[in-house]
Amino acid sequence: MATKSRPAGGAGTLASRLGDVLRQAILAGQFTPGSKLPSEAQLGETHGVSRTVVREAIAALRADRLVEARQGAGVFVLDPPSPASPAPMSIENIDYARVSSVIEFLELRTAVEVEAAGLAAIRRSPAQEEVIIDCHYAVQSCVEQGKPSSEADFALHLAIAEATNNPRFRDFLSMIGKSVIPRAALRNEETEEDQAAYIKLLAEEHSAIVTAISAGDEEGAREAMRKHLRGSQARYRALLREQRQFVR
C-alpha cells in the first residue's frame, strides 16, 4: 500500500481500480474489521489520484458493505459478509436487454429517489454535499471527454442516496446497481446530433437536482429528480412504441 499507483483512464476507471485495490486489501486482512481507513488526502497521495476518485471508490466499498462512514470520525472497515449469508434483498427475472424491464425499474427508482432527493436537500452534511457536487462534475467530465458516463452517473445517484443519512436508500440503489442507468444512445440509428442533444438534456436535469439539493430546496429537489426520471421513462416508452410498430 505504500507505493503509488497511477492507472490510466478516466475518473470512473480510476475509481474502479482504486476500489478493487482497497477491496483486496480489506479481504486480505491488511485493514482489519473495526480499523479506520487512511484519510481521503492520504489515499489520494498514496495512489496518485484526486479526492473525487477516492470518494467514488469508497462509495463502491460502502455499497458492498465492506466499510461505513462515521460522520466526523472517518471510514471504518466492517466485518466481511459471510459467503453463506443470503443477500437481504434480491431481484429476479431481470432482463436488462428488454426495454420494458428498464421502464419498470425507472418507475421503481422514481418512487424511491424522488423522496431521497428531498431528504438529501434537508439532511445532507457539508461533506456529503461536496461529494454530490464532485460526482456531478465527474459525470460532466466523462461527457466532455466522450467517455461512458454510466458509472459516474450511478455514483451521483448513490451520493444523493447517501446524503439522506438513511442507509436504506443507499442499500436500495446498491441492490439495483448501475445496470439500470439509461443509455446515452437509445437507438442505433441516432445521429451524433441526437446523442449530443440527449446528453445535454441529462446534464441540465442533473444540474437542476444538484442545485436544489445544495440550496436546501426540498420540494425543488424532489421535482427535479421526478422530472429527470420521468423524462427517462418517457424516452424509453417512445422507444418501446417504435419497436412494437413492427409487430403484426
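For the structure itself, look to the data block above.
Notes on the structure in this doc start here. Being a predicted model, the structure only gives us computed values, none of them experimental.

1. Considering helix α6 (residues 150-162)
Piece 1. The end-to-end C-alpha separation of α6 is 18 Å, in line with the 18 Å expected for 13 residues at 1.5 Å each.
Piece 2. Among the 13 residues of α6, 11 are classified as buried, and the element is accordingly described as predominantly covered.

2. Here we look at the packing of helix α4 (residues 99-123) against helix α7 (residues 167-176)
Piece 1. Packing of α4 against α7 leaves a shortest axis separation of 11 Å and a crossing angle of 150°. Between α4 and α7, the angle falls in the class roughly antiparallel. For the pair α4 and α7, the sense of crossing is left-handed. Of α7, the residues touching α4 (which contributes Phe105, Leu108, Arg109, Val112, Glu113, Glu115, Ala116 and Leu119) are Phe169, Phe172, Leu173 and Ile176.

3. Focus on unusual backbone geometry
Piece 1. Of note in this structure, Asn165 is not a glycine but carries a positive phi near 60°.
Piece 2. Along the polypeptide, Asn165 turns up in the loop between α6 and α7.
Piece 3. The class for Asn165 is partly exposed, based on a relative accessible area of 39%.

4. Considering the packing of aromatic side chains
Piece 1. Evaluation of the coordinates by the stated rule reveals 0 aromatic pairs.
Piece 2. Over the aromatic face of Phe76 sits the side chain of Arg70, whose NZ or CZ is 4.1 Å from the ring centroid.

5. Some thoughts on the environment of Ser50
Piece 1. As for its position among the elements, Ser50 is in the loop between α2 (40-47) and α3 (51-63).
Piece 2. Separated by 10 residues in the primary sequence, Ser50 and Glu40 have C-alpha atoms spaced 8.7 Å apart.

6. Digging into the pairing of strand β2 (residues 74-77)
Along any regular strand the residues' side chains alternate between the sheet's two faces.
Piece 1. Sheet topology note: the strand β1 (residues 67-70)/β2 ladder contains 4 bridges and is antiparallel. Residue Glu68 lies in a different strand from β2, and its bridge partner there is Phe76.
Piece 2. In this structure, the hairpin formed by β1 and β2 is closed by a connection of 3 residues, where Gly72 is found at a positive phi of approximately 80°.

Here is what the cut-offs are and how they apply
- Sequence order sets the numbering: in each chain, residues are counted from 1 along the sequence as written.
- Under the rules for a predicted model, residues below a pLDDT of 70 receive no local features and side-chain atom pairs below 80 are neither given nor counted, while totals for whole chains, interfaces and linings still include all residues.
- As a rule here, side-chain values come from all non-hydrogen atoms in the structure, and water together with hydrogens is ignored.
- In this text, helices come from DSSP runs of H or I with a minimum length of four residues, and strands from runs of E with a minimum of two, each type numbered from the N-terminal end.
- Expected span of a helix: the number of residues minus one, times 1.5 Å.
- Note on classification: 1.4 Å probe, protein chains only; a residue is buried when its accessible area is under 20% of the maximum for its type, exposed when over 50%, partly exposed between these limits.
- An axis is simply a line fitted to the C-alpha atoms; with a helix, the fit covers only the stretch in contact. Between two such axes, the angle follows the N-to-C directions and lies from 0 to 180 degrees.
- Any angle that is under 35 degrees is reported as roughly parallel, and any over 145 degrees as roughly antiparallel; angles of 65 to 115 degrees are reported as roughly perpendicular and all others as oblique.
- The sense of a crossing depends on the near helix, which, turned anticlockwise from the far helix by less than a right angle, makes the crossing left-handed and, turned clockwise, makes it right-handed.
- Any pair of residues with heavy atoms lying within 4.5 Å of one another is described as a contacting pair.
- Pairing of aromatic rings covers Phe, Tyr and the six-membered ring of Trp, with a centre-to-centre limit of 6.5 Å; geometry is then stacked below 30 degrees between planes, edge-to-face above 60, and tilted otherwise.
- A ring is scored as having a charge over it whenever the NZ atom of a lysine or the CZ atom of an arginine sits within 6 Å of its centre and within 35 degrees of its normal.
- Two strands are said to pair when DSSP picks up at least two bridges between them.

These figures capture arrangement, not role.
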